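Chain by chain, the residues:
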Amino acid sequence: MPPAPKNGLGTAGFVLGLIGLIFSFIPIIGLIAWPLVILGIIFAAVGLGRIRKHRATNKGLTITGLVLSVIGLIICIVWAATTTKAVNDLNTEAANRSVTVHYEVTGSAKDATITYSTMSGSDLSTNQEQTTLPWSKDVTAQGLVKGGTLTVTTGADGGNATCKVVVDGTESKTATANGQFATASCDGF
């Protein structure tokens, strides 16, 4: 009596290939597909070896598992290449792009304390000036992280003061303070 066919590896290759192919279409969850389709290819290949040696009889299922696994692997590779390119393009554009930040303070206050900071990449610069109004300053920021703050505090004589931040020609923040030692803050842009 001949030994019973050992169809387990070909069947395992089919199951892993099918599940891996299904997961390969789903963003982020598709990471699970990588090991599944690779194991599916290995198991189906070993299963085909058994079929050639007449130790297994599930040739159709094993070949289907191999094909599903290869298709799943191709989809995984395409997703990885597309994601890598998108991330690299975003990093390159964001890291190299410079913006002009225009800080401006206007109002009737006779004296004011102006504090401004600018985040450019990993650098943060902070400056404080005691001045009369109007006042303005232009700075350039570059890198992945860009932003800053502008705060104006009126003096003992009071009055009003309005701070305004314009980034690349677009007004981002504005605030007004009225009275003695009043503070207007433009931040989070």
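Above this text you will find the structure in question.
On a predicted model such as this, the values are computed, not experimentally measured, just so you know. (Residues numbered from 1 in each chain as written. Predicted model: local features only at pLDDT ≥ 70, side-chain atom pairs only at ≥ 80, totals over all residues. Heavy atoms only, no water.)

Caption draft 1: Representation of the overall build of the protein chain within the structure. A count of helices and strands for the protein chain gives 3 helices and 8 strands. Starting at the N terminus, the α and β elements of the protein chain follow one another as α-α-α-β-β-β-β-β-β-β-β. Taken against the 2.2 N^0.38 rule, which gives 16 Å for 189 residues, the C-alpha radius of gyration of the protein chain at 32 Å runs more than 25% over that of a compact globule. Reported as C-alpha extents along the three principal axes, the dimensions of the protein chain are approximately 110 × 25 × 20 Å. (Helix = DSSP H or I, 4+ residues; strand = E, 2+ residues; numbered from the N terminus. Rg over C-alpha atoms; globule rule 2.2 N^0.38 Å.)

Caption draft 2: How the structure looks around the packing of aromatic side chains. Overall, the coordinates contain 2 aromatic pairs when judged by the stated rule. Consider the rings of tyrosine 103 and tyrosine 116, whose centres lie 5.4 Å apart with planes at 45°: the pair is tilted. Taken together, the residues span a long stretch of sequence, with tyrosine 103 in strand 1 (residues 98-107) and tyrosine 116 in strand 2 (residues 112-120) at a distance of 13 residues. Take tyrosine 103: its relative accessible area is 0%, and that puts it in the buried class. Note on tyrosine 116: relative accessible area 4%, which makes it buried. Note on tyrosine 116 and tryptophan 135: the rings are 5.5 Å apart at their centroids and 45° apart in plane angle, and the pair reads as tilted. Taken together, the positions of tyrosine 116 in strand 2 and tryptophan 135 in strand 4 (residues 135-142) put the pair 19 residues apart, joining distant regions of the chain. Here tyrosine 116 matches tryptophan 135 in class, with each residue buried. One aromatic cluster is present, formed by Tyr103, Tyr116 and Trp135 through successive ring pairs. (Phe/Tyr/Trp six-rings, centres within 6.5 Å; stacked < 30°, edge-to-face > 60°. Buried < 20%, exposed > 50% of the residue type's maximum accessible area, 1.4 Å probe, protein only.)

Caption draft 3: The arrangement of the layout of surface pockets in detail. Size it by volume and the largest pocket reaches roughly 210 Å³. Around the largest pocket sit Ser24, Ile26, Pro27, Ile28, Gly30, Leu31, Trp34, Cys76, Trp79, Ala80 and Thr83, which together line it. Here the lining of the largest pocket takes 4 residues from helix 3 (residues 59-96), the largest share from any one element. Its residues placed into classes, the lining of the largest pocket shows 8 nonpolar, 3 polar and no charged. (1 Å grid on protein atoms, 1.4 Å probe; cavity = no way out; pocket = protein on both sides within 12 Å on 5 of 7 lines; lining within 4 Å. Points joined across faces, edges and corners; volume = space filled by probe spheres on them. Nonpolar A, V, L, I, M, F, W, Y, C, P; charged D, E, K, R; others polar.)

Caption draft 4: View of a nonpolar patch on the surface. A contiguous nonpolar patch, built from Phe25, Ile26, Ile29 and Ile32 and spanning about 350 Å² of accessible area, is present on the exposed surface. Within the secondary structure, isoleucine 32 is located in the loop between helix 1 (8-24) and helix 2 (33-52). (Patch = residues over 30% accessible without salt bridge, like charges linked within 9 Å, V, L, I, M, F, W, Y side chains within 5 Å. Areas by Shrake-Rupley, 256 points an atom, 1.4 Å probe, with all protein chains shown as cover. Salt bridge = Lys/Arg side-chain N within 4 Å of Asp/Glu carboxyl O.)

Caption draft 5: Quick look at helix 2. Here helix 2 spans 28 Å end to end across 20 residues, near enough to the 28 Å set by a 1.5 Å rise per residue. All buried positions along helix 2 are accounted for by Ala33, Leu36, Val37, Gly40, Ala44, Gly47, Leu48 and Ile51. Buried residues of helix 2 fall within an arc of 100° about the axis and therefore sit on the same side. Of the residues trailing helix 2, histidine 54 is marked for its positive phi of about 65°. (Expected span 1.5 Å × (residues − 1). Arc of directions from axis to C-beta.)

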